[in-house]
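What follows is each chain in one-letter form.
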Number of protein chains: 2
Amino acid sequence: MINLECPIPKFDFDVITLGHGSGGLLTHRLLQSGVFSLFSNPLLDLQHDGATLTLEGRIAVSTDSFVVSPLFFPGGNIGDLAVNGTVNDLAMCGARAKHLTLGFIIEEGLPITQLWDIMVSIRQAAHTAGVQIISGDTKVVEKGKGDGIFINTTGMGPVHPNANISHQRIQTGDKLIISGPIAAHGIAIMSLRKGLEFETTITSDTQPLCFMAEGLIENFGASVRFMRDPTRGGVASVLNEVAELTKHGFVLSQTALPIHEQVEGACEMLGLDPLYVANEGIMLAVVAPEIAEACVALLHNQYACPHAAIIGEVTTEHPGKVTIKSRIGGRRVVNFLPGEQLPRIC
Amino acid sequence: MINLECPIPKFDFDVITLGHGSGGLLTHRLLQSGVFSLFSNPLLDLQHDGATLTLEGRIAVSTDSFVVSPLFFPGGNIGDLAVNGTVNDLAMCGARAKHLTLGFIIEEGLPITQLWDIMVSIRQAAHTAGVQIISGDTKVVEKGKGDGIFINTTGMGPVHPNANISHQRIQTGDKLIISGPIAAHGIAIMSLRKGLEFETTITSDTQPLCFMAEGLIENFGASVRFMRDPTRGGVASVLNEVAELTKHGFVLSQTALPIHEQVEGACEMLGLDPLYVANEGIMLAVVAPEIAEACVALLHNQYACPHAAIIGEVTTEHPGKVTIKSRIGGRRVVNFLPGEQLPRIC
C-alpha cells in the first residue's frame, strides 16, 4: 500500500519559470525536489530519456492531450482527468492500461502549489487505476503562449484475451448500453465557467472505466461488440461517428437515457443538449441482444452503476444516421454537431 | 515505396477554429479530408480511440512535447523535429522506434497550409526513420492560449538484443564520443529569432540517430556503455546530469570538440557558449576505451559523420563534475546552466 498523503516539499521558488523547461539546473531541481519521488518506480527511477520494459502479446496504445479550462473543477482537476482519459481510451479497446507517459507543457507563472496538487492527483488516479508512470517530459512556454498547464498522457497495456472490440462487428439488433447518467462532466465545467457552481452540486464524473469494461469482457467476451467513452461531443458524436463508419442506423430512447435532474436543469438553463455534452466516466457499449440485460445487471450489481441502462438499438432504418424517440413518441435525427459547443472541456 | 509528394487537399476552411477540436463534425472533417490518408496504415485506419498491436520482448518507450518557436526554421520545422526527437530518445536507449503517437494542441487561427506542411514533414520524417503513426489526438485552444501548434510524440520499439545502455555502466577511463559538430540546431533557431539568418547558412541538424546508434550497438554491443542526444541544455547539461548521477568526473578537450566555423562565430556574436546550445541530430556516447577509435571510424565511414570525434574521457578527478581543457591548456569547470539560455528551442 503506497502512502498517498503527499505534503508539498520545500521548493525554492513559488512559480514555474522558463528556466524550469530549460533542461538545465532548474529542470533538474524541479524534478529532483519531489516529482521523481512522487511517481517513483523502478522504470522511472533510472532517469533515462526513455523507459525499457518487457511486453508480450497484444497491446493497446492510446494518446490524448488535455487542455481543460479551468484546471480545477468540481470533482477533479486536469491531473486525474489526464490519467483517467487515457486509461479509459484503452479500456474501450478491451485493454488494461499498465504504463503511462506524461508530457507537460506549462505556462510560465503557474504557481508551484497548483502544479503539486495536479501531480498528487495524477499519482492518486494512477494508483487507483493500477497504472505506472514510466517516462515524462516538461516544457515551459512564455506567459500568454499557453494556459496554465496542458498534459499529454500516452498509455499502453495488454488487451484482454477475450476482447474482440470493433465497430465492424456491430450487427442489426444489437443493444446500446450506457453505464451511467450523461453530461455530468461538461456541465460541472460549464457551471463553473458561468458562475453557477454554487447553485448546484454537480461534479465531474471523471473515473477509470477499466474495471467495469474488463468485467463485461470477462463475462461476455466477444458478445461485447464495441465500447467507447463518450467524451468530447458526447453520446451523439460517438454514435454519429460509428453510424457513418458502419452504415448502421442507431436509435436511442429518450426515456431510457439516464441523466441527473440537476444536470438536466443546468442543460436547459445553459441551452445545451445533453446528448452533445462531454462525459469522462461513463461507457457506451454495443452488445449482442441476448446479453444486454445481463450486462446491465452486472453493471448494477458489481460496478456500482445504479443508472446503467439499455438506451437504444442498432436498426436497419436510417442507415448511417442516429435518431432518437422522444418522450411523446416522435422521432428526430441527432446530427453531428456542426461547430464547437463546449471548448476546452477535456 | 510510398509517395511522399502530398499536394494539399481541398479543405473548406483556411484556418483552424475551436470547432476543429470539438470532437464533432469539424474534427471529423479535418481528419477525413486528408490527415488520415496522409498517415494511412492498417493500425491507424481502424480509427478507434487506441491502436492494438503485437509486441514481444524488451521495448523502450519515450515521450516528448515540442514547443519550438518559430514553427519553421532553416533545416526543418516542428513536425520533423517532433518525430526525430522521440526516435532519437529511443535510439539512445538502444531501441529502434517502430510506433509513434501524435498529440496536437493547436492555437485557433493556425493557417491550414502551415498545418499541412507540418503534417507532410511528419510523414516524411516517419518514413525516413521507418516508424508508423498508430494513434493521434487533436485539441484546439483559443487564440492567445497557445502558440501556433504544440506536438507531443510518444514512441516505442524493440531494444536491440546486444544493447546494455545505462549510466551505471560508465567506468573510469571510458571515452566520450560525439557524432557531429555541436550547437547547429540552437544557433539556427537563434539566428532566425535575432534576424541573422540571411548572414549565415546555418541549418538545424535535426535528423534520426537510430541508424548510427544501431550500428554502434550491432558492432560493439555492451562496450557502448551510455548514449544520449544532447538536446535542450546541450552537451554541458547532459554531462552534468550524468556526472551527478554517477559521481564520475568527465573531462572534455576543447580542441577536440567539433563545431562549424559559422556556428562558432554566431555563438560569439550572440554571447552563447556552444556547450549549452541545443542539438537535434548528434549523439554523445560513452564507450570502453579499447573500442573508441573503431567507433569513430565506423561513424566516419558508414554513417556519413565526418566530424565524429573522441572529445573527452571519464576520470577520477573532480568526481561528479564536468571540466574542460582549454585550447591553451587551462582547465575550467563546466557547471549546470543556472537558468534558461534559449527558451522554446525544441
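Here, residues in each chain are numbered from 1, in the same order as that chain's written sequence. The naming scheme follows written order: chains are lettered A onward, ligands numbered 1 onward. Reporting in this predicted model follows two pLDDT cut-offs: at least 70 for local features of residues, and 80 or more for side-chain atom pairs to be given and counted; totals over whole chains, interfaces and linings ignore these cut-offs and use all residues. The side-chain numbers reported here are obtained from all heavy atoms of the structure, hydrogens and water having been left aside.

Q: How should I be thinking about the packing of aromatic side chains in this particular structure?
A: Geometry of an aromatic ring pair is reported as the spacing of the ring centres plus the angle between the planes. Centres within 6.5 Å make a pair out of two Phe, Tyr or Trp rings, where for Trp the six-membered ring is used; the pair is then stacked when the planes are under 30 degrees apart, edge-to-face when over 60, and tilted otherwise. A complete count under the given rule lists five aromatic pairs over all chains for this structure. Where B:Phe11 meets B:Trp116, the ring centres are 5.9 Å apart and the plane angle is 65°; that geometry is what we call edge-to-face. Of the two residues, B:Phe11 sits in the segment before α1 (25-38) while B:Trp116 sits in helix α4 (residues 112-129), which places them 105 residues apart along the sequence. Side by side, B:Phe11 and B:Trp116 carry an identical accessibility label, which is buried. Either the NZ atom of lysine or the CZ atom of arginine qualifies as a charge over a ring when it sits within 6 Å of the ring centre and within 35 degrees of the ring normal. We note A:Lys139 situated over the ring of B:Phe66; from NZ or CZ to the ring centre the distance is 5.6 Å. Only DSSP runs of H or I with at least four residues qualify as helices, and only runs of E with at least two residues qualify as strands; both kinds are numbered from the N terminus onward. Exposure classes here rest on a 1.4 Å probe applied to the protein chains alone. A residue is buried below 20% of its type maximum, exposed above 50%, and partly exposed in between.

Q: For this particular structure, what's the right way to read the side chain of B:Ser135?
A: Mapped onto the fold, B:Ser135 is located in strand β5 (residues 132-141). Taking relative accessible area as the criterion, B:Ser135 reaches 4% and is therefore assigned buried. When residues no more than four places from it in sequence are discounted, the contact partners of B:Ser135 are A:Val61, A:Ser62, A:Thr63, B:Leu44, B:Asp49, B:Gly50, B:Leu100, B:Thr101 and B:Leu102. Residue contacts are counted whenever heavy atoms from the two residues lie within 4.5 Å of one another.

Q: So what exactly am I meant to see when it comes to the interface of chain A and chain B here?
A: By a frequent convention, interface size equals the accessible area lost on bringing the separate parts together. The interface of chain A with chain B comprises 76 residues on the first partner and 76 residues on the second. Buried area counts how much accessible surface, traced with a 1.4 Å probe, disappears from two parts once they are put together, with both parts' losses summed. At the boundary of chain A with chain B, total buried surface from both sides reaches about 6,200 Å², with 54% on carbon and sulfur atoms. When residues of chain A are sorted by the area they lose upon contact with chain B, A:His48, A:Asp49 and A:Arg232 head the list and together hold 11% of the total. Here a salt bridge means any side-chain nitrogen of Lys or Arg lying within 4 Å of a carboxyl oxygen belonging to Asp or Glu. The tally of links between chain A and chain B comes to eight salt bridges. B:Asp64 is paired through a salt bridge with A:Lys139; the nearest N and O atoms lie 2.9 Å apart. Any N or O atom pair separated by 3.5 Å or less is treated as a polar contact, with the protein-specific requirement of one donor-capable and one acceptor-capable atom, and with residues adjacent in sequence counted only for side-chain atom pairs. If you look at where chain A meets chain B, you find 23 residue pairs in polar contact (both at pLDDT 80 or more). Of all elements in the fold, only α1 (25-38), β1 (51-66), β4 (99-107), β5 (132-141), β6 (149-158), β8 (224-228) and α7 (234-246) of chain A reach the threshold of two or more residues within the side of chain A that touches chain B. No other element matches β1(A), which puts 15 residues into the side of chain A that touches chain B. Polarity classes work like this: nonpolar for Ala, Val, Leu, Ile, Met, Phe, Trp, Tyr, Cys and Pro, charged for Asp, Glu, Lys and Arg, and polar for all others, with Gly in that last group. Among the residues forming the side of chain A that touches chain B, the class breakdown is 30 nonpolar, 29 polar and 17 charged. Examined bridge by bridge, β1(A) and strand β1 (residues 51-66) of chain B share 11 bridges and lie antiparallel to one another. Any two strands between which DSSP finds at least two bridges are classified as paired.

Q: Help me out: how do you make sense of the pattern of salt bridges in this one?
A: Pairing between side chains becomes possible if they bear opposite charge and their charged atoms approach one another. Overall, the coordinates contain 28 salt bridges over all chains when judged by the stated rule. As a salt-bridge pair, B:Asp147 and A:Lys145 come within 3.9 Å of each other at their nearest N and O atoms. Here B:Asp147 is found in the loop between β5 and β6 (149-158), whereas its partner A:Lys145 is found in the loop between β5 and β6 on a different chain. Because the salt bridges share partners, they merge into one network encompassing A:Asp64, A:Arg232, B:Asp137 and B:Lys139.

Q: Please explain the pairing of strand β10 (residues 284-287) of chain A as it appears in this structure.
A: Each regular strand shows side chains that alternate between the opposite faces of the sheet. Residues and elements named next belong to chain A. Side chains of β10 alternate between two faces, with Leu284 and Val286 and Ala285 and Val287 buried alike. Pairing of strand β7 (residues 175-178) with β10 involves four bridges; the strand directions are antiparallel. Within the sheet, the bridge partner assigned to Ile177 lies in β10 and is Ala285. Note that β8 and β10 share four bridges and pair antiparallel. By the bridge assignment, Val224 is partnered in β10 with Val287.

Q: I'm lost on the domain arrangement of chain A in this one. Help?
A: Residue and element names in this part refer to chain A. Domain delimitation follows an automatic or database domain assignment. Along its sequence, chain A is carved into domain 1 (18-49 + 57-158) and domain 2 (167-333). Relative placement of domain 1 and domain 2: their C-alpha centres are 28 Å apart. Taken together, the contact between domain 1 and domain 2 spans 21 residues of the former and 22 residues of the latter. Interface of domain 1 and domain 2: buried area, both sides summed, is about 1,800 Å²; carbon and sulfur atoms make up 63% of it. Inspection of the region where domain 1 meets domain 2 yields one salt bridge. For Arg96, the salt bridge goes to Glu214, with nearest N and O atoms at 2.9 Å. Our count for the contact surface shared by domain 1 and domain 2 stands at seven residue pairs in polar contact (both at pLDDT 80 or more). Looking at the side of domain 1 that touches domain 2, the elements that each hand over two or more residues are β2 (72-73), α3 (78-91) and α4 (112-129).

Q: I would appreciate a short explanation of α4(A) in the present structure.
A: One turn of the α-helix equals 3.6 residues, which is why residues spaced by three or four share an orientation. Residues and elements named next belong to chain A. Over its 18 residues, α4 extends 26 Å from the first C-alpha to the last, a length consistent with the 26 Å expected when each residue adds 1.5 Å. Among the residues of α4, those classed as buried are Ile112, Leu115, Trp116, Ile118, Met119, Val120, Ser121, Ile122, Arg123, Ala125, Ala126 and Ala129. One or two steps after α4, the chain reaches Gly130, where phi turns positive at roughly 75°. The length a helix should cover is 1.5 Å for every residue beyond the first.

Q: Could you clarify how one ought to interpret the confidence of the model for chain A in this entry?
A: Interpreting fine coordinate detail is not advised for predicted regions of low pLDDT. The share of residues in chain A with pLDDT of 70 or more is 97%, and the mean pLDDT across the chain is 92. The ipTM value of the predicted complex is 0.93, and its pTM value is 0.95. A residue's pLDDT is simply how confident the predictor is in it, with values from 0 to 100.

Q: Would you mind showing me how to read the sheet that holds β8(A) here?
A: Residues and elements named next belong to chain A. With mixed pairing, the seven strands of this open sheet are ordered in space as β8-β10-β7-β11-β9-β12-β13. Either end of the sheet is taken by a strand with one partner, and the two such strands are β8 and β13 (331-333). Strand-to-strand twist in this sheet, taken as the mean axis angle between neighbours without regard to direction, amounts to 25°. Axis angles are defined between N-to-C directions and span 0 to 180 degrees, where every axis is a line fitted to C-alpha atoms and, for a helix, only to the segment in contact. Sheet contacts for α7: β7, β8, β9 (249-253), β10 and β12 (322-325); angle to β9, the most-contacted strand, approximately 155°. Relative to the sheet, helix α9 (residues 292-302) contacts β7, β10 and β11 (309-315), its axis offset from that of β7 by approximately 5°.

Q: Teacher, can you tell me more about the packing of helix α3 (residues 78-91) of chain B against α4(B) here?
A: The geometry of a pair of packed helices is captured by two quantities: the angle between their axes and the separation between those axes. Residues and elements named next belong to chain B. Where α3 contacts α4, the axes come no closer than 7 Å and their chain directions differ by 30°. One way to sum up the angle between α3 and α4 is to call them roughly parallel. The crossing of α3 and α4 is right-handed. Between α3, through Ile78, Gly79, Asp80, Val83, Asn84 and Val87, and α4, the contact on the second element is made entirely by Ile118, Ser121, Ile122, Ala125, Ala126 and Ala129. A class-by-class count of the residues in the contact of α3 with α4 yields eight nonpolar, three polar and one charged. When an angle is under 35 degrees it counts as roughly parallel; over 145 it counts as roughly antiparallel; between 65 and 115 it counts as roughly perpendicular; any other value is oblique. By convention the crossing between two helices is left-handed if the near helix lies anticlockwise of the far one by an angle smaller than a right angle, and right-handed if it lies clockwise.

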